[in-house]
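# Coordinates in review
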Amino acid sequence: MDDKDLNKNFTPLTINPIFHCFETGSPFAKCSKCNSHLDTTLQPYIIHKDWGPNDLSSEFALCFSCIEDLRESTSKESRQKIESFIQSSGGLEKHKEILESGSKNDAGSDSREIDHCVLCTRDIERPGAPHSLTCSVIHTGPFAIPQAIATCGACEEQLMELLSKETKDSWDGFYESIIDSPPVDMVDLPGPKKPCVVF
């Protein structure tokens, strides 16, 4: 079965509205980096959003190719430290249990997925606590399955400290190339830019 045949039987995905584009109020249609279409491709993609203390500070969607570019820009040393931190954090098992308890087609709509940090399991307070949300959309046969995670600001800061200067500079450059300005008016947050954590 080729891509055209799969598209004929494609099951529309259900994504939590919190992952919709702030400006349009609709699901992201294009990659924020290369402008390739996300709604017709069978390749995985992600939607990532950063929140400050009160408001959404940035958002973007990345196609599979651009995700790979970001991963390749991460040094081997940084990748190893990130993987070690994630594995030792203790939150992945709890998140796995939540995923397994829900329906496949409703995975990205289940707010339980993003009510806690995937790494430390602390509850995410909205508004009030800096955090990020990432929705990974993967395809299994004719089904599009969104899987969402939340990462608290404290864990993001710890991850940022693990990165080499080379990776920080690369990620900052990548980040700046896809975000011209925040979707809402707000002052710049203190400290380094948050990393784009891709699972």
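Scope of this entry: the structure provided in the associated data block.

Rules used in this analysis
- Residues numbered from 1 in each chain as written.
- Predicted model: local features only at pLDDT ≥ 70, side-chain atom pairs only at ≥ 80, totals over all residues.
- Heavy atoms only, no water.
- Phe/Tyr/Trp six-rings, centres within 6.5 Å; stacked < 30°, edge-to-face > 60°.
- Helix = DSSP H or I, 4+ residues; strand = E, 2+ residues; numbered from the N terminus.
- Buried < 20%, exposed > 50% of the residue type's maximum accessible area, 1.4 Å probe, protein only.
- Lys NZ or Arg CZ within 6 Å of the ring centre and 35° of its normal.
- Core = buried A, V, L, I, M, F, W, Y, C linked by side-chain atoms within 4.5 Å.
- Pairing = 2+ DSSP bridges.
- Salt bridge = Lys/Arg side-chain N within 4 Å of Asp/Glu carboxyl O.
- Arc of directions from axis to C-beta.

If you walk through the whole model with that rule in mind, you get one aromatic pair. Summarising the aromatic geometry, the rings of F60 and Y175 are spaced 5.9 Å apart at their centres and angled 85° between planes, so their arrangement reads as edge-to-face. Here Y175 lies in helix α6 (residues 165-178) and F60 lies in strand β2 (residues 56-63), a separation of 115 residues in the sequence. The residues F60 and Y175 share a single accessibility class, namely buried. The ring centre of F174 lies 5.2 Å from the NZ or CZ of K33, which sits over that ring.

What follows covers unusual backbone geometry. The phi dihedral of N35 is positive, around 70°, even though this residue is not glycine. With respect to the element layout, N35 can be found in the loop between α1 (3-8) and β1 (45-51).

Looking now at the nonpolar core. Of all hydrophobic cores here, the largest spans 41 residues; its most connected members are I15, F19, L38, I47, L62 and L119. Elements with a minimum of two residues in this core: β1, β2, α2 (64-72), α3 (76-89), β3 (131-140), β4 (143-152), α5 (153-162) and α6. The dominant element in this core, judged by the number of residues it contributes, is β2, at five residues.

Quick look at the pairing of β2 now. Burial analysis of β2 places eight of its eight residues in the buried class, which makes it a mostly covered element. Both β1 and β2 contribute to a ladder of seven bridges, which runs antiparallel. Residue H48 lies in a different strand from β2, and its bridge partner there is F60.

Right, let's talk about the pattern of salt bridges for a bit. Here the structure, examined in full by the defined rule, presents four salt bridges. In this structure, K49 engages E59 in a salt bridge whose closest nitrogen and oxygen atoms are separated by 2.9 Å. Of this pair, K49 sits in strand β1 while E59 sits in strand β2; the two residues are 10 residues apart in sequence, bridging distant segments of the chain. Pair check on accessibility: K49 and E59 agree, each one buried. When the shortest N-O distance is used, the salt bridge between E68 and R71 registers 2.8 Å. Placement of the pair is E68 and R71 together in helix α2, with a separation of three residues, close to one helical turn.

Let's shift gears to the environment of M160. Turning to its location among the elements, M160 is positioned in helix α5. Assessed through its relative accessible area of 5%, M160 is described here as buried. Linking M160 and I82, residues 78 residues apart in sequence, is a C-alpha distance of 9.2 Å.

Our next topic: α5. Helical geometry note: an α-helix holds 3.6 residues per turn, so side chains three or four residues apart project in the same direction. The complete set of buried residues in α5 reads G153, C155, E156, L159 and M160. Take α5 and look down its axis: the buried residues cluster within an arc of 155°, on one side only. Set apart from the buried face of α5 by more than 90 degrees, the exposed residues are E157 and E161.

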